[in-house]
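# Fold and contact review
The residues making up each chain are set out below.
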Amino acid sequence: MKNNILEILICPACDGSLERTGEKLFCRKCQKEYPLFQNAFFFSEGEHQKEISLGKIFSFLLRRLNPISYWPFSYFTKREFKRLYESYLKDRMTARKFAHDYLPEDYSKNREDGVILDFGCSQGRIAAIMNQLGYKVVGLDKLYYAWWTNLKNSTFVVLNIDKKIPFQDRSFNIIFAFLILEYLQNDEIIIQELNKKLKEHGYLILQVPNKDNLRHLLTRRKLAQFHLREYSIKEISNLLKNNNFIIEKIWTERFYSPIFTNTLNYVFEILLPHKILDFVSSITPQKYRGIINVIARKK
Ligand SMILES: [Zn+2]
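Keep in mind that this is a model prediction, so the values were computed, not measured.

### Topic: the overall build of the protein chain
Along the protein chain, the regular secondary structure elements total eleven helices and eleven strands. For the protein chain, with 299 residues in total, the buried portion stands at 32%. Residue pairs at least 24 apart in sequence account for 63% of intrachain contacts in the protein chain once pairs closer than 6 positions are excluded.

### Topic: the sheet that holds strand β6 (residues 136-141)
Within the open sheet, the eleven strands sit side by side as β1-β2-β3-β4-β7-β6-β5-β8-β9-β11-β10. Their pairing is mixed. Of all the strands in the sheet, just β1 (18-21) and β10 (245-253) have a single pairing partner and so form its edges. Between one strand axis and the next, the sheet turns through 20 degrees on average, direction left out of account. Note that β1 and strand β2 (residues 24-27) share four bridges and pair antiparallel. Within β2, the residue paired with Thr 21 across the bridge is Lys 24. Sitting on the sheet, helix α9 (residues 233-241) is in contact with β9 (198-209), β10 and β11 (291-298), with an inclination near 160 degrees to β10.

### Some points on the environment of Leu 223
With respect to the helices, strands and loops of the structure, Leu 223 is situated in the loop between α8 (214-219) and α9. With 20 C-beta atoms packed within 10 Å, Leu 223 lands in the buried category. Along the chain, Leu 223 and Asn 262 lie 39 residues apart, while their C-alpha atoms are 9.3 Å from each other. Excluding residues within four positions of it along the chain, Leu 223 makes contact with Pro 209, Asn 213, Arg 215, Glu 230, Tyr 256 and Gly 290.

### A short note on unusual backbone geometry
Even without being a glycine, Gln 38 presents a positive backbone phi close to 55 degrees. Locating Gln 38 in the fold gives a position in the loop between β3 (33-37) and β4 (40-42). Since 11 C-beta atoms lie within 10 Å of it, Gln 38 is described here as exposed. A positive phi angle, near 65 degrees, is found at Arg 220, a position not held by glycine. Within the element layout of this structure, Arg 220 appears in the loop between α8 and α9. Given 7 C-beta atoms within 10 Å, Arg 220 falls into the exposed group.

### Some details on the pairing of β2
Hairpin connection between β1 and β2: a loop of two residues separates the two successive antiparallel strands, and Gly 22 in this loop has a positive phi of roughly 60 degrees. The antiparallel pairing of β2 with β3 creates a hairpin that spans five residues between the two strands, and Gln 31 there sits at a positive phi of about 65 degrees.

### Some remarks on the pairing of β6
Judged by how many residues are buried, β6 sits mostly within the fold: five of six residues are covered. In this structure, strand β5 (residues 115-119) lies alongside β6, joined through five bridges in parallel fashion. Paired with Phe 119 across the two strands is Leu 140, which belongs to β6. The parallel pair β5 and β6, bridged by helix α6 (residues 125-132), forms a crossover whose chirality is right-handed. Direction of pairing for β6 relative to strand β7 (residues 154-158): parallel, over a ladder of five bridges. Opposite Leu 140, over in β7, you have Val 157 as the bridge partner.

### Section: the environment of Leu 206
Structurally, Leu 206 is set in strand β9. Overall, Leu 206 belongs to the buried group, with 28 C-beta atoms counted inside 10 Å. The sequence separation of Leu 206 and Ile 295 amounts to 89 residues, and the corresponding C-alpha distance is 6.5 Å.

### A few points about the environment of Ser 171
By the element assignment, Ser 171 lies in the loop between β7 and β8 (172-178). Exposure remark for Ser 171: the 23 C-beta atoms within 10 Å place this residue in the buried category. Along the sequence, Ser 171 and Glu 200 sit 29 residues apart, while their C-alpha atoms lie 9.6 Å from each other. Excluding anything up to four places from it in sequence, Ser 171 contacts Ile 8 and Lys 197.

### Topic: the nonpolar core
Ranked by internal contacts, the top residues of the largest apolar core, which has 60 residues, are Ile 116, Ile 175, Ala 177 and Leu 204. When residues of this core are assigned to their parent elements, the largest contribution, six residues, is made by β9. Setting aside residues up to four positions removed in sequence, Ala 177 forms contacts with Phe 119, Gly 120, Leu 194, Leu 204 and Leu 206.

Conventions used here
- Residues numbered from 1 in each chain as written.
- Predicted model: local features only at pLDDT ≥ 70, side-chain atom pairs only at ≥ 80, totals over all residues.
- Helix = DSSP H or I, 4+ residues; strand = E, 2+ residues; numbered from the N terminus.
- Buried ≥ 20, exposed ≤ 12 C-beta atoms within 10 Å, placed from the backbone.
- Contact = placed C-beta atoms within 7 Å.
- Pairing = 2+ DSSP bridges.
- Axes fitted to C-alpha atoms, helices over the stretch in contact; angles between N-to-C directions.
- Right-handed = clockwise from strand over helix to strand, strands pointing away.
- Core = buried A, V, L, I, M, F, W, Y, C linked by C-beta atoms within 7 Å.

As structure tokens, then:
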């Protein structure tokens, strides 16, 4: 079983194999060099220097415009996120719940070694949880996140994902792709690419926004402005079935309010205990919840 990420990682420019020389990765075939920092490899230039997100720009503007009304929100948000991310690193209950909800049953029973890919890993939430459970993870995202340095059993790859994923074919038993597909130009090419990177009968565990959520039903608006698209249960099922996957399980989660969505989301996620959101979600009919989860298996 390949446990070392350098055995499966390939040069994104030429598909050559890579070797580590000091603080760099070196491609034997095209002689390109890629910088390394902590536990991250940089395959695209410049993007690691700044982490800019719209959230950050927005909060910066809010801070400038309205300091008095903003401070309690930023205080609670910061505190809550710190608490949440610490739970991903250490809390056994969080890890067990995640495994119960998202890991295929036979996989968690007959655990194999090897590396898991978290495609579009963002801060590294899944990597943290999977590390707790004893798995090694390689995360891939287009931005560098300082939080990755907390994750000693994970490696990260910084690359602007569009068509090619720089790993040898048939490298992974499991690939997670949570809330990433809706941002990518060509979702079908990515699904095909992820299929290639899975071993035979490997799992793709996918999360996408549900087009039929309550908010869309009422206002015809997307859950987030920058989603290129959202999916109905039927659409995501067809996309997977048409691209060499068998769907093993598909279900929805999360209540999204049809009105005052952002404010109410904030109240539910940050201010109130999570049990309340869980309860409201559980009484929302399956079809109208915010997120679709899929466990799919490579044919
Ligand atoms: Zn190369």
